[in-house]
Amino acid sequence: MLPRSPPHLLPWRSLVLLFLALAVSSNGVSATAKAKAKAPAAPPKPAGFGYKLVSLVQRPNGGGLVGCLQVKRRSSTYGPDIPRLRLFVKHETKDRVRVQITDAEKQRWEVPYDLLPREPSPPLGPATAGGAPFTAGEYPGQDLVFTYGRDPFWFAVHRKSTRQTLFNTSRAPLVFKDQYLEVSTRLPGDAALYGLGENTQPGGIKLRPNDPYTLYTTDASAINLNTDLYGSHPVYVDLRNIGGRGVAHAVLLLNSNGMDVFYTGTSLTYKVIGGLLDFYFFAGPTPLAVVDQYTAMIGRPAPMPYWAFGFHQCRWGYHNLSVVEDVVENYRSAQIPLDVIWNDDDHMDARKDFTLSPVNYPRPKLLAFLNKIHARGMKYIVLIDPGINVNSTYGVYQRGMDRDIFIKLDGQPYLAQVWPGPVYFPDFINPNGASWWIDEVRRFHELVPVDGLWIDMNEASNFCTGKCTIPTTHRCPDPTSKEPWLCCLDCKNITNTRWDEPPYKINASGKSARLGYNTIATSAVHYNGILEYNAHSLYGFSQAIATHKGLQSIQGKRPFILTRSTFVGSGAYAAHWTGDNKGTWEDLRYSISTMLNFGIFGMPMVGSDICGFYPASPPPLEELCSRWIELGAFYPFSRDHANFASPRQELYQWQSVARSARNALGMRYRMLPYLYTLNYQAHLTGAPVARPLFFSFPDFAPCYGVSRQFLLGAGVMVSPVLEQGASSVDAVFPPGTWYNLFDTSKAVVSTGSGAAVRLPAPLNEVNVHVHQGTVLPLQRGGTISRDARATPFTLVVAFPLGAEDADAEGAVYVDDDERPAMVLAEGQATYARFHAAVRGGREVTVLSDVALGSYSMHKGLVIEKITVLGLHGAGKDLAIQVDGADDATAVATSSPYFAAADAAQVLRQGEEEDAVEGEKRGVTMEVGGLALPLGKSFTMTWNMHIEA
């Protein structure tokens, strides 16, 4: 297998040495050594003995509490204790409390406020002592209460309304050393936890006791399970079912240093190798409220352009422009939707950033191609890596050297190796580094008018480890090498600093590897003396911010950026894909949990490489790819991408996959207005586009661990086939009626027992259901989003099956998606809310309430059909009012009609599918022939007629 990035496994020579060492240890050890091996291990020395609270004051004007902690007894494990600590507690909002613990005497590293803006904590020093002594045992806010103990010091946070404890550190002593911080909390055994990523979790979205959770950004491909991967998100959501009601809260430890988090099921322990303890507690109590509160603090998700929700195609191995042209035309011929074509590093000159290959991607031909696809409404995106080739003839490098913007070691730019060979890494924390990058983005955009940028390898990835020099005895890179990911620099490990060899070893790269393993040495320094040891996990985050500024300043449009490495707050600038996965059924399943986690992390625009990036051996491909596009068509970010060593896997390669793609992507393109509205809601409130079932059904405990299904928004559920050879799928349905979107005459009625329902799922079909109470906006669809978004709308109104009295709600947001801001503005956006009601099983009302309708009126957007699900009988006596006028205005250019579909096929929990009389079980009915302006409020009423 040829990797996209260096494989994070032991090298072959190391494996040989390990094998020999094991052989010697089992066959050649002395009797004394064997005897020692059998002796019981001495109990580990405690890392610390805790602190006591010696003073506590309340700052005036709602400034919070400030206290002083003093170490109780010194310990030398992992270094000396910091003798005095500063405690700061503040209720920053009604539903958020911050608890910060740091050195009382010296400023310690924390996430820079210019990268992640937030309320500042008080400065250190005597000024913090101002205020009145605080002697109460509790410090209440509006929703949350902070409590504490003095000797030993511990703290807890509980809900004011119910006294439910959310976090309690009294189980173990607080430990605070220069390079080792430890704190633990008690947990009830029935709490369901989610988050603490990025990692590939084989057990599903719900955290499993005793699985490793390490946070430190590494280029360890997503095929490595339970391993710290590309992102660091030290936040978790805690969901508890109390008396049948689901109640959620979240905890963020804002710290960019490496950490291990140990979860036992009844406790959670943080072991952090630097920085400070800066906890934020979010009260919830619903999962949606949690992400609203969380993203209000870390930054709302970036608005995405409409076309970003179309389908994307990439491959590492489009070696010349003619291949890309063929791919685009093949998609068009196959009538498979395609909005965006991507280039990996194939477009570059010798894999150097911001360049074009004069042979394979000559600029005149590339510009002609872009003119052609842009005229169709398609977009083009390319990859850039952060490593800048050390090459005196390379203008990007020369300008970087002139501005002195590279990360340094021992006073010189830190030398690493990535795809172009020897590289230096720009320092995006350095204001000059960020402005240099913005300028290079501008220069490249003048060369090639790309529609977005893909920033990869930004953990940062390095093929080498340690301090390196360019060799004098061999070429590096070797142009004849078939393994360009192998280190060819002359390197030596750095072992003489406490940063490269810290006293506590986190489980980095899943094997307690050296912190600088295949990345920047941790003793390297950024701008203003900032250590890589502290800032490592911020690298991709800081690059995303600079790239976002660059694109927005050039185009004046809403940027699209895809990043691999992420941190708390990255979602405010970029989308994410889940990295280098593999073409296996296991990876297909894992993709759902990772996607759902990133919605929790505030990065709702996320997806996995459809069909898999690395090839499997032997490749299952056709059936797998068919099932993967059925799932991937409903990822928020939907892209097919493959390694150059993989067999070709574009969706038109097989007739069966093309059929699945047309079916699944056809529905996606009909649902684009819904997905785009979810994008708007995510930008306003943080609400994920793809959500775990418990987001809409927190009281339904059977869904807490569901990791094979997911919701899009509040009421559309995707239940894909994830097993080879399967022709059905067992799906969990929360309570209520669920209608199959591909055939709305088919319904599932769930009593909420939690028992799975077996659904038919032939090879080219995927189960997508809409829940009762939903008004779903659809359009006719198409093969390019620009065309699809101009087609008439259908509103799907889902009532409970056989409803007598029920309501349904929905909304749609449309705008000029080139504006950087996603806000309502006259002439630039329209937001329409829909409400439907049935009373007495007969009287039906569907109405809209429109805000700023002029944009939709200008675009000529209309609603042509209302599809109503779940009611008995046929419609009659239609009346329509538009903006208060009678129906003449609305129907002047239309011919309304009622139509009823066949009887519903109802599937109930524990039953096989059976067809029944529609009047007994409900029907699909539509009001068609309409031409209702989307930009005007309307009211429609009619009666349901049931024949005797």
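These figures come from a predicted structure and were not determined experimentally.

Turning next to the overall build of the protein chain. From N to C terminus, the protein chain includes 17 helices and 55 strands. Here the C-alpha atoms of the protein chain give a radius of gyration of 29 Å, agreeing with the 30 Å that 2.2 N^0.38 yields for 948 residues. Dimensions of the protein chain, computed from the C-alpha atoms along their principal axes, are close to 95 × 75 × 60 Å. The buried share among the 948 residues of the protein chain stands at 62%. Pairs at least 24 apart in sequence give 71% of the contacts found in the protein chain among residues at least 6 apart. Total accessible area on the protein chain stands at roughly 33,800 Å², and carbon and sulfur atoms take up 51% of it. Distance between charge centroids for the protein chain: 7 Å, based on 86 positive and 88 negative side chains.

A word on the layout of surface pockets. Take a probe with the size of a water molecule and roll it over the atoms, and the empty space left behind shows itself. Quantified by volume, the second largest pocket comes out at close to 620 Å³. What lines the second largest pocket is a set of 29 residues, among which Gln681, Ala714, Glu809, Gly810 and Ala811 lie closest to the centre. Those elements that place two or more of their residues in the lining of the second largest pocket are helix H3 (287-298), helix H13 (672-685), strand S43 (774-779), strand S45 (806-815), strand S46 (829-839) and strand S47 (843-851). With five residues, the top contributor of residues to the lining of the second largest pocket is H13. Across the lining of the second largest pocket, the residue classes tally to twelve nonpolar, twelve polar and five charged.

Here we come to the packing of aromatic side chains. The geometry of an aromatic ring pair is captured by the separation of the ring centres together with the interplanar angle, meaning the angle of the planes. If you walk through the whole model with that rule in mind, you get 52 aromatic pairs. Considering the side-chain rings of Tyr397 and Phe406, the 6.5 Å spacing of their centres and the 25 degrees angle between planes classify their relative orientation as stacked. Of the residues examined, Tyr397 reaches a relative accessible area of 12% and is grouped as buried. On the accessibility criterion, Phe406 (5% relative accessible area) is buried.

Now for the packing of helix H7 (residues 431-447) against helix H9 (residues 539-555). In contact at an axis separation of 9 Å, H7 and H9 are set at 45 degrees when each is read in the N-to-C sense. Here H7 is positioned oblique relative to H9, judged by the angle of their axes. When the axes of H7 and H9 are compared, the crossing they make is right-handed. Contacts between H7 and H9 involve Ala434, Trp437, Ile438, Val441, Arg442 and His445 on the former and, on the latter, Gln543, Ala546, Thr547, Lys549, Gly550, Leu551, Ser553, Ile554 and Gln555. Looking at the contact of H7 with H9, its residues break down into seven nonpolar, six polar and two charged.

Let us now look at the sheet that holds strand S16 (residues 259-263). Taken together, five strands build an open sheet; the order of strands is S10-S11-S17-S16-S13 and the sheet is antiparallel. Only two strands of the sheet have a single neighbouring strand rather than two, namely strand S10 (175-176) and strand S13 (213-215). Bridge count between S13 and S16: three bridges; the pairing is antiparallel. Counted as the bridge partner of Thr214 is Asp260 from S16.

Okay, unusual backbone geometry next. Between Asp151 and the following residue, Pro152, the backbone shows a cis peptide bond with an omega angle of 0 degrees. Its place among the elements puts Pro152 in the loop between strand S7 (144-150) and strand S8 (153-159). Positive phi outside glycine occurs at Ser509, with the angle close to 55 degrees. Mapping Ser509 onto the fold places it in the loop between strand S29 (490-492) and helix H8 (532-535).

Below, the discussion takes up the state of the cysteines. Here, the word disulfide means a covalent bond between the sulfur atoms of two cysteines. The final tally for this structure, using the stated rule, is four disulfides. Across the disulfide from Cys464 sits Cys487; the S-S distance is 2.0 Å. When the S-S torsion is 100 degrees, as for the bridge of Cys464 with Cys487, the disulfide is right-handed. Linking Cys464 in the loop between strand S27 (452-455) and strand S28 (467-469) with Cys487 in the loop between S28 and S29, this pair joins segments that are 23 residues apart in sequence.

This brings us to the pairing of strand S42 (residues 767-771). Counting buried positions along S42 gives five out of five residues, so the element sits mostly inside the fold. Neither face of S42 is exposed, since Asn767, His769 and His771 on one face and Val768 and Val770 on the opposite face are all buried. Note that strand S37 (residues 716-719) and S42 share four bridges and pair antiparallel. The partner of Ser719 across the bridge, within S42, is Asn767. As paired strands, strand S39 (residues 736-740) and S42 are joined by three bridges and run antiparallel to one another. Bridging across to S42, Asn740 finds its partner in His769.

With that settled, the discussion passes to the side chain of His771. Here His771 shows up in strand S42. Owing to a relative accessible area of 11%, His771 belongs among the buried residues under this scheme. At 2.9 Å, the side chain of His771 forms a polar contact with the backbone oxygen of Pro735. The contact partners of His771, leaving out residues within four places of it in the chain, are Phe697, Gly715, Pro735, Gly736, Thr737, Trp738 and Ala798.

What follows deals with the pattern of salt bridges. Counted under the stated rule, the structure contains 47 salt bridges. Between Glu501 and Lys505 there is a salt bridge, with the nearest N and O atoms lying 3.8 Å from each other. For Glu501, a relative accessible area of 25% corresponds to the partly exposed category. Judged by relative accessible area, which is 42%, Lys505 ranks as partly exposed. The closest approach of N and O atoms between Glu723 and Arg708, which form a salt bridge, is 2.8 Å. With Glu723 in the loop between S37 and strand S38 (728-731) and Arg708 in the loop between strand S35 (690-691) and strand S36 (710-712), this pair connects stretches of sequence that are 15 residues apart. By relative accessible area, which is 34% here, Glu723 ends up partly exposed. When its relative accessible area of 42% is taken as the criterion, Arg708 is described as partly exposed.

The full count for this structure, using the stated rule, is five cavities of 30 Å³ or more. Taken as a whole, the largest cavity spans an internal volume of roughly 90 Å³. Along the walls of the largest cavity sit Glu198, Thr200, Ala222, Leu229, Thr578, Asn581, Asp587, Tyr590, Ser591, Thr594 and Ser608, which together make up its complete lining. Of the residues contributing to the lining of the largest cavity, the split by class is three nonpolar, six polar and two charged. By volume, the second largest cavity amounts to about 60 Å³. What lines the second largest cavity is Pro301, Ala302, Met304, Phe309, Gly571, Ala574, Pro604, Met605, Asn679 and Val689. By residue class, the composition of the lining of the second largest cavity is eight nonpolar, two polar and no charged.

For the rest of this paragraph, the subject is helix H11 (residues 622-632). An α-helix turns once per 3.6 residues; consequently, residues spaced three or four apart project the same way. In terms of burial, H11 is largely enclosed, as nine of its eleven residues are buried. Among the residues of H11, those classed as buried are Leu624, Cys625, Ser626, Arg627, Trp628, Ile629, Glu630, Leu631 and Gly632. In this structure, the buried residues of H11 make contact with strand S19 (311-313), helix H10 (585-600), strand S33 (609-610), strand S34 (638-640), helix H12 (655-670) and S36.

In this structure, Phe634, Leu651 and Leu712 are the most contacted members of the largest nonpolar core, which totals 208 residues. Beyond its immediate sequence surroundings of up to four residues, Leu712 is in contact with Phe634, Met671, Tyr674, Leu675, Leu678, Val689, Ala690 and Val718.

This part is about the confidence of the model for the protein chain. For the protein chain, per-residue confidence averages 92 on the pLDDT scale, and residues scoring 70 or more make up 92% of the total. Note on residues 5-37: pLDDT is under 50 here. Beyond four places in sequence and across chains, it has 27 contacts. Counted against residues more than four places away or in other chains, residues 913-920, with its pLDDT under 50, gives 19 contacts.

Basis of the calculations
- Residues numbered from 1 in each chain as written.
- Predicted model: local features only at pLDDT ≥ 70, side-chain atom pairs only at ≥ 80, totals over all residues.
- Heavy atoms only, no water.
- Helix = DSSP H or I, 4+ residues; strand = E, 2+ residues; numbered from the N terminus.
- Rg over C-alpha atoms; globule rule 2.2 N^0.38 Å.
- Buried < 20%, exposed > 50% of the residue type's maximum accessible area, 1.4 Å probe, protein only.
- Contact = heavy atoms within 4.5 Å.
- Areas by Shrake-Rupley, 256 points an atom, 1.4 Å probe, with all protein chains shown as cover.
- Lys, Arg positive; Asp, Glu negative; His and termini not counted.
- Charge placed at Lys NZ, Arg CZ, Asp CG, Glu CD.
- 1 Å grid on protein atoms, 1.4 Å probe; cavity = no way out; pocket = protein on both sides within 12 Å on 5 of 7 lines; lining within 4 Å.
- Points joined across faces, edges and corners; volume = space filled by probe spheres on them.
- Nonpolar A, V, L, I, M, F, W, Y, C, P; charged D, E, K, R; others polar.
- Phe/Tyr/Trp six-rings, centres within 6.5 Å; stacked < 30°, edge-to-face > 60°.
- Axes fitted to C-alpha atoms, helices over the stretch in contact; angles between N-to-C directions.
- Parallel < 35°, antiparallel > 145°, perpendicular 65-115°, else oblique.
- Left-handed = near helix turned anticlockwise from the far one by under 90°.
- Pairing = 2+ DSSP bridges.
- Disulfide = S-S within 2.5 Å.
- Polar contact = N/O pair within 3.5 Å; in protein donor to acceptor, adjacent residues only side chain to side chain.
- Salt bridge = Lys/Arg side-chain N within 4 Å of Asp/Glu carboxyl O.
- Core = buried A, V, L, I, M, F, W, Y, C linked by side-chain atoms within 4.5 Å.
- pLDDT = per-residue confidence, 0-100.

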